[in-house]
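Next come the chains, spelled out residue by residue.
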Amino acid sequence: MKLKWLGHSAFELISKNGLNILIDPFIQANPACPLKICDMHPDVICITHGHADHFGDTIEIARNNPNAIVIANYEISIYLQRKGINAIGLNYGAYVKIEDVEIRMLEAKHSSTFDFEIDTKYAGNPGSFLITFDNDIKVFHAGDTGLFSDMKFVIGEVYRPDIAILPIGNIFTMDLKEASIAASWINPKIVIPMHYNSFPSIAQNPEEFKKLVTNCQTLIPNVLETCEF
Ligand code: NI
Ligand code: MN
């Protein structure tokens, strides 16, 4: 599979069969993302929670790509279906299989609202995704989260991801130190930091994170760099 960081928490993952999965498509207003909405051609869009820096340009991208399926929590899926968008609602532990990829929603400790709406509507529980490619490589995208013990007992010991993508920015999520503890509990082969340096409030040095991670390899991709696994 191929992985490309689009800045902040946005990632594009492409399966061996070419299935294009876009996670947290914060494109237009993302200061770290040089792409435009019209550059995005996903088959699947995964949304971890309702906040604007994750829900992002989902509606416009889904309308530009009418065959795309959005996978989100139940509440976000209802919101999208009412706008005529093809959406599947999952809850913790549940999964869907699309072609050669299995997408499972797991827990995150955070909040979830449509903060871009004037009355800040409730947007279900925040989540994370475990994406299994071709019954082989498992990629865990943590969404926005604090540290929690089921990173060890559920995500690490039951689901055993090969690659874990973790937020390190502080303020809205874990910081470097907590994310390094998360890396030791999840114990993947590779950890990738996200949700940092896109805004001044979440400025972090990913090399400092790398120094704190001792149990696995830390990969710090550049934005738009293609990483192949
Ligand atoms: Ni958030
Ligand atoms: Mn966020």
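The structure presented is a predicted model; accordingly, all values stated were derived computationally and were not measured.

What follows covers the nonpolar core. In this structure, Leu-13, Ile-21, Ile-71, Ile-103, Ile-131, Phe-140 and Leu-166 are the most contacted members of the largest nonpolar core, which totals 50 residues. With five residues, the top contributor of residues to this core is helix α5 (residues 176-186). Look past the residues within four positions of Phe-140 in its chain and what remains in contact with it is Leu-106, Ser-128, Phe-129, Leu-130, Ile-155, Pro-161, Ile-163, Ala-164, Ile-165, Leu-166 and Ile-186. Phe-55, Ile-59, Leu-80 and Phe-114 belong to the second largest nonpolar core, which has 22 residues in total.

To continue, consider the coordination of the nickel ion (ligand 1). For the nickel ion (ligand 1), the full set of protein donor atoms is His-49 (NE2), His-51 (ND1), His-110 (NE2) and Asp-144 (OD), and the range of their distances to it is 2.2 to 2.3 Å. Around the nickel ion (ligand 1), the four donor atoms are arranged such that angles at the metal cover 89 to 177°; this shape is classified as irregular. Of note, the nickel ion (ligand 1) draws all its donor residues from one chain, in the sequence arrangement H-x1-H-x58-H-x33-D. Between the nickel ion (ligand 1) and the manganese ion (ligand 2) the interatomic distance amounts to 3.3 Å, and Asp-144 serves as a bridging ligand to the pair. Of this pair, His-51 sits in the loop between β4 (44-46) and α1 (52-55) while His-110 sits in the loop between β8 (101-107) and β9 (113-114), and the two are 59 residues apart along the sequence. Classification of His-51 by relative accessible area gives buried; the value is 10%.

Here the focus is the side chain of Ser-9. The topology assignment puts Ser-9 in the loop between β1 (2-5) and β2 (11-14). Accessibility expressed as a relative area gives 0% for Ser-9, which makes it buried. Residues within four places of Ser-9 in sequence aside, it is in contact with Ile-23, Asp-24, His-54, His-141, Asp-144, Met-194 and His-195.

Now for the coordination of the manganese ion (ligand 2). Binding of the manganese ion (ligand 2) to the protein goes through Asp-53 (OD), His-54 (NE2), Asp-144 (OD) and His-195 (NE2), at separations of 2.2 Å. Considered as a linear motif, the donors of the manganese ion (ligand 2) on their single chain read D-H-x89-D-x50-H.

This brings us to the sheet that holds strand β12 (residues 137-141). Taken in spatial order, the seven strands make up an open sheet running β7-β8-β11-β12-β13-β14-β15, and their pairing is mixed. With partners counted over all chains shown, the strands left at the sheet margins are β7 (95-98) and β15 (217-218), one partner each. With respect to the sheet, helix α4 (residues 150-159) is in contact with β8, β11 (127-133) and β12, its orientation differing from that of β8 by roughly 160°.

Calculation rules
- Along each chain, residue indices are assigned from 1 in the same order as the chain's sequence is written.
- Following the order in which they are written, the chains are lettered starting with A and the ligands numbered starting with 1.
- A pLDDT threshold of at least 70 governs which residues receive local features in this predicted model, and a stricter bar of 80 or more applies before side-chain atom pairs are shown or counted, although totals over entire chains, interfaces and linings include all residues.
- Side-chain metrics rest on all non-hydrogen atoms present in the structure, leaving aside hydrogens and water.
- Buried residues of nine kinds, namely Ala, Val, Leu, Ile, Met, Phe, Trp, Tyr and Cys, make up a nonpolar core once their side-chain atoms join them within 4.5 Å.
- Burial here depends on accessible area, computed with a 1.4 Å probe over protein chains only, as a share of the maximum for the residue type. Under 20% is buried, over 50% is exposed, and the range in between is partly exposed.
- Runs of H or I in DSSP of at least four residues are treated as helices and runs of E of at least two as strands, each being numbered from the N terminus.
- In this description, contact between two residues means that some pair of their heavy atoms is separated by no more than 4.5 Å.
- In this description, a donor is an N, O or S atom within 2.8 Å of the metal centre, a cutoff extended to 3.2 Å for sodium, potassium and calcium. Water is not part of the atom list, which can make sites seem incomplete.
- Only four donors with every angle between 85 and 135 degrees are called tetrahedral; only four or six donors with opposite donors over 155 degrees apart and all others between 65 and 115 are called square planar or octahedral, in that order; all others are irregular.
- Following DSSP output, two strands are said to pair if at least two bridges run between them.
- Think of each axis as a best-fit line through the C-alpha atoms, taken over the contacting stretch in the case of a helix, with angles from 0 to 180 degrees between the N-to-C directions.

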